[in-house]
Amino acid sequence: MTPPPLLPLEDALARLEEAVQPIPGYEQVVLNDALGRILDEDIHSPIDVPPHTNSAMDGYAICGSDLPTEGETTLQVIGTSSAGHPFEGTVQPGQSVRIMTGAMLPPGADTVVMQEHVGLEGETISIGPHHKAGQHVRHAGEDLARGQRVLSRGRLLTPADLGSLASLGFAETRVKRRLRVAFFSTGDELRPAGATLAAGEIYDSNRYTLHAMLSRLGVELIDMGVVRDRRDAVEHAFLDAAAIADTVITSGGASVGEADYVSETLARLGRVDFWRIAIKPGKPLAFGTVGNALFFGLPGNPISAMVTFYQIVQPALQQQMGMEKSSPLRLHAVCSCPLKKRPGRTEFQRGTLQREENGRLVVSSSGAQGSHILSSMSRANCFIVLPAESAGVQPGEVVEVQPFAGLI
Ligand code: AMP
Ligand code: MG
């Protein structure tokens, strides 16, 4: 029997985008608990930010019309405006008010002259030419105007967003409830870290990798351990998981032949498709539903599981979490070593990206690229993304890279 044709990555992503629904439910949280959560409301500014026109410098607030085009002008100093303590009065032509950075500009004044640029004598200042009317003034609402949309529903909240919300006076915000994800490993050979291995056994690493990748997404984690390759064990695990989780993720047993209990159980409890996706490492991915939960069956090989998770499952989970669509940063870099590849599948090779002194980005392979070699994934700081048609890379060629981390 010939296997079905490989599904291009873009088609797999499009199918998931079509199939996945955002979960309902939200909660109100204080700002300090909102980092990394998904905003569940549109935020409009209730005020101008800054709320009042203020000085960008320490100096003197004056009427711009008093500025001399040549020679010097002398102005009377009639008071002081400091941050939090505005001057109570109006500045008339011929007058000035000493002003500090952030202090409210008094009515009548529209210009600030830096203190270093005036001559001070008793209660008067002298100002020379070469100033501009309106200078060194921050206008009310120039950051955010009252009524303006500041943040949109679906936004993954960043430190700057939380600062913006605080600057508008919000102490709390409404976020989507956390997605509940249950996950387990399948395989008779797997033992948890910390146990002693018998002949033929290996440690279960996928559950730790998955735990970590899911933690970064801010989901609620339900770690269900290792499930034996037995019909009743697999069935119980799926029933338990589907009863408490929005999404169930497994690793292992997704390749045809081995997947017997998984596919058989899923056929009974829900429905599942086995996709052969045109990526390397990765390829087999099971996608379906168990009860009311979504189901993703990742391949067992540790790097296949990670690549499939990052490239396919993570965007689907983010959509389920109610997050707006985002495209991970991709850059161009010069590849400093040869990379082997056969045309046909999109490859996510593991690389080390560096910036040379001249600013050029250079990437090289982080080591052996087998789908079971975690050490080269561990050393890597980016994926080198090679398109399906690529037949390998020569040193000096430009390739696309996807850095693992940025400022978040
Ligand atoms: P499978 O998809 O079950 O055929 O597994 C493919 C390969 O990945 C086999 O070498 C398994 O031993 C290995 N493997 C499966 N699950 C895990 C796991 N949780 N941790 C580490 N290796 C695994
Ligand atoms: Mg297995």
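As the structure is a prediction and not an experimental result, all values here were calculated from the model.

**Side note on the packing of helix α3 (residues 206-217) against helix α6 (residues 302-320)**
At their nearest, the axes of α3 and α6 sit 11 Å apart, and the two run at 25° to each other. In terms of their interaxial angle, α3 and α6 are classed as roughly parallel. Along this stretch, α3 crosses α6, giving a crossing that reads as right-handed. In contact with Asn-206, Thr-209, Leu-210, Met-213, Leu-214 and Leu-217 of α3, α6 contributes Pro-302, Ala-305, Met-306, Phe-309, Tyr-310, Gln-314, Leu-317 and Gln-318. Of the residues assigned to the contact of α3 with α6, the class counts are 10 nonpolar, four polar and no charged.

**Describing empty space enclosed by the protein**
Over the atoms rolls a probe the size of a water molecule, and in doing so it shows where empty space is left. Scanning the model with the defined rule gives one cavity of 30 Å³ or more in all. In this structure, the largest cavity encloses a volume near 70 Å³. The wall of the largest cavity is formed by Gly-36, Arg-37, Ile-38, Lys-176, Arg-177, Arg-178, Leu-179, Leu-217, Gly-218, Val-219 and Met-321. Split by residue class, the lining of the largest cavity holds five nonpolar, two polar and four charged. Residues from two domains meet in the lining of the largest cavity; each of domain 1 (9-24 + 178-320) and domain 2 (26-49 + 143-176) gives at least three.

**What about the domain arrangement of the protein?**
The domain boundaries assigned to the protein delineate domain 1 (9-24 + 178-320), domain 2 (26-49 + 143-176), domain 3 (54-138) and domain 4 (331-407). Where domain 1 abuts domain 4, roughly 1,400 Å² becomes buried across the two surfaces, and 64% of that area is made up of carbon and sulfur atoms. The largest per-residue losses of area from domain 1 upon contact with domain 4 belong to Lys-280, Ile-303 and Gln-311, which jointly make up 41% of the total buried on that side. Counting every contact that joins domain 1 to domain 4 gives zero salt bridges. Linking domain 1 with domain 4 are six residue pairs in polar contact (both at pLDDT 80 or more), by the criterion used here. Counting residues per element, the ones that place at least two in the side of domain 1 that touches domain 4 are β19 (279-280) and α6. Broken down by element, the residue count for the side of domain 1 that touches domain 4 peaks at seven residues, all from α6.

**Observations regarding the packing of aromatic side chains**
Counting across every chain of the model gives eight aromatic pairs. Relative to Phe-383, the ring of Tyr-310 has its centre 6.3 Å away and its plane inclined at 70°; by these criteria the two rings are edge-to-face. A residue pair is termed long-range when its members are at least 10 positions apart, and Tyr-310 in helix α6 and Phe-383 in strand β25 (residues 382-386) qualify at 73 residues. The exposure class assigned to Tyr-310 is partly exposed, which follows from its relative accessible area of 25%. Here Phe-383 and Phe-404 contribute two aromatic rings whose centre-to-centre distance is 5.0 Å and whose plane-to-plane angle is 80°, an arrangement assigned as edge-to-face. Of the two residues, Phe-383 sits in strand β25 while Phe-404 sits in the segment after β26 (398-403), which places them 21 residues apart along the sequence. Assessed through its relative accessible area of 2%, Phe-383 is described here as buried.

**A closer look at the sheet that holds strand β4 (residues 59-62)**
Strand pairing in a sheet takes place through backbone hydrogen bonds and is either antiparallel or parallel in direction. With respect to topology, six strands assemble into an open sheet ordered β7-β4-β6-β5-β9-β8, the strand pairing being mixed. Each end of this open sheet is capped by a strand with a single partner; those strands are β7 (111-114) and β8 (118-121). For this sheet the average axis-to-axis angle between neighbouring strands, irrespective of direction, equals 35°. Summarising the sheet, β4 and strand β6 (residues 95-99) pair through four bridges and their orientation is antiparallel. Each bridged residue has a counterpart across the sheet, and for Ile-62 the counterpart in β6 is Ser-96.

**Side note on unusual backbone geometry**
The peptide bond linking Val-49 to Pro-50 adopts the cis configuration, its omega dihedral lying at -5°. Assignment of secondary structure puts Pro-50 in the loop between β2 (43-44) and β3 (54-55). Note that the residue after Lys-280, namely Pro-281, is joined by a cis bond; omega there is -10°. Note that Pro-281 resides in the loop between β19 and β20 (284-290). One non-glycine residue, His-130, lies in the positive phi region at around 70°. Mapped onto the elements of the fold, His-130 is located in the loop between β9 (124-127) and β10 (137-138).

**Focus on the layout of surface pockets**
Its boundaries defined by the atoms lining it, the second largest pocket holds a volume of some 680 Å³. For the second largest pocket, the lining is made up of 38 residues, of which Pro-281, Gly-282, Asn-301, Ser-304 and Ser-371 are closest to its centre. Of all the secondary-structure elements, those providing two or more residues to the lining of the second largest pocket are β15 (202-203), α6 and β23 (346-355). Per element, the largest residue contribution to the lining of the second largest pocket is three residues, and it comes from β23. Residues that form the lining of the second largest pocket fall into these classes: 10 nonpolar, 17 polar and 11 charged. Inspection of the lining of the second largest pocket shows a minimum of three residues originating in each of domain 1 (9-24 + 178-320) and domain 4 (331-407).

**Description of the side chain of Arg-177**
In this fold, Arg-177 is placed in the loop between β12 (172-176) and β13 (180-186). A polar contact of 3.3 Å, which involves the side chain of Arg-177, links it to the backbone oxygen of Pro-24.

**Digging into the state of the cysteines**
Any covalent bond linking the sulfur atoms of two cysteines counts as a disulfide. A full pass over the atoms with the stated rule returns zero disulfides. Among the cysteines around Cys-335, which has no disulfide bond, Cys-337 carries the closest sulfur, lying 4.3 Å off. Counting only cysteine sulfurs, Cys-335 is the nearest neighbor of Cys-382, a cysteine outside any disulfide, at a range of 9.4 Å.

Calculation rules
Residues numbered from 1 in each chain as written. Chains lettered and ligands numbered in written order. Predicted model: local features only at pLDDT ≥ 70, side-chain atom pairs only at ≥ 80, totals over all residues. Heavy atoms only, no water. Axes fitted to C-alpha atoms, helices over the stretch in contact; angles between N-to-C directions. Helix = DSSP H or I, 4+ residues; strand = E, 2+ residues; numbered from the N terminus. Parallel < 35°, antiparallel > 145°, perpendicular 65-115°, else oblique. Left-handed = near helix turned anticlockwise from the far one by under 90°. Contact = heavy atoms within 4.5 Å. Nonpolar A, V, L, I, M, F, W, Y, C, P; charged D, E, K, R; others polar. 1 Å grid on protein atoms, 1.4 Å probe; cavity = no way out; pocket = protein on both sides within 12 Å on 5 of 7 lines; lining within 4 Å. Points joined across faces, edges and corners; volume = space filled by probe spheres on them. Domains from an automatic or database assignment. Buried area = accessible area lost by both parts, 1.4 Å probe. Salt bridge = Lys/Arg side-chain N within 4 Å of Asp/Glu carboxyl O. Polar contact = N/O pair within 3.5 Å; in protein donor to acceptor, adjacent residues only side chain to side chain. Phe/Tyr/Trp six-rings, centres within 6.5 Å; stacked < 30°, edge-to-face > 60°. Buried < 20%, exposed > 50% of the residue type's maximum accessible area, 1.4 Å probe, protein only. Pairing = 2+ DSSP bridges. Disulfide = S-S within 2.5 Å.

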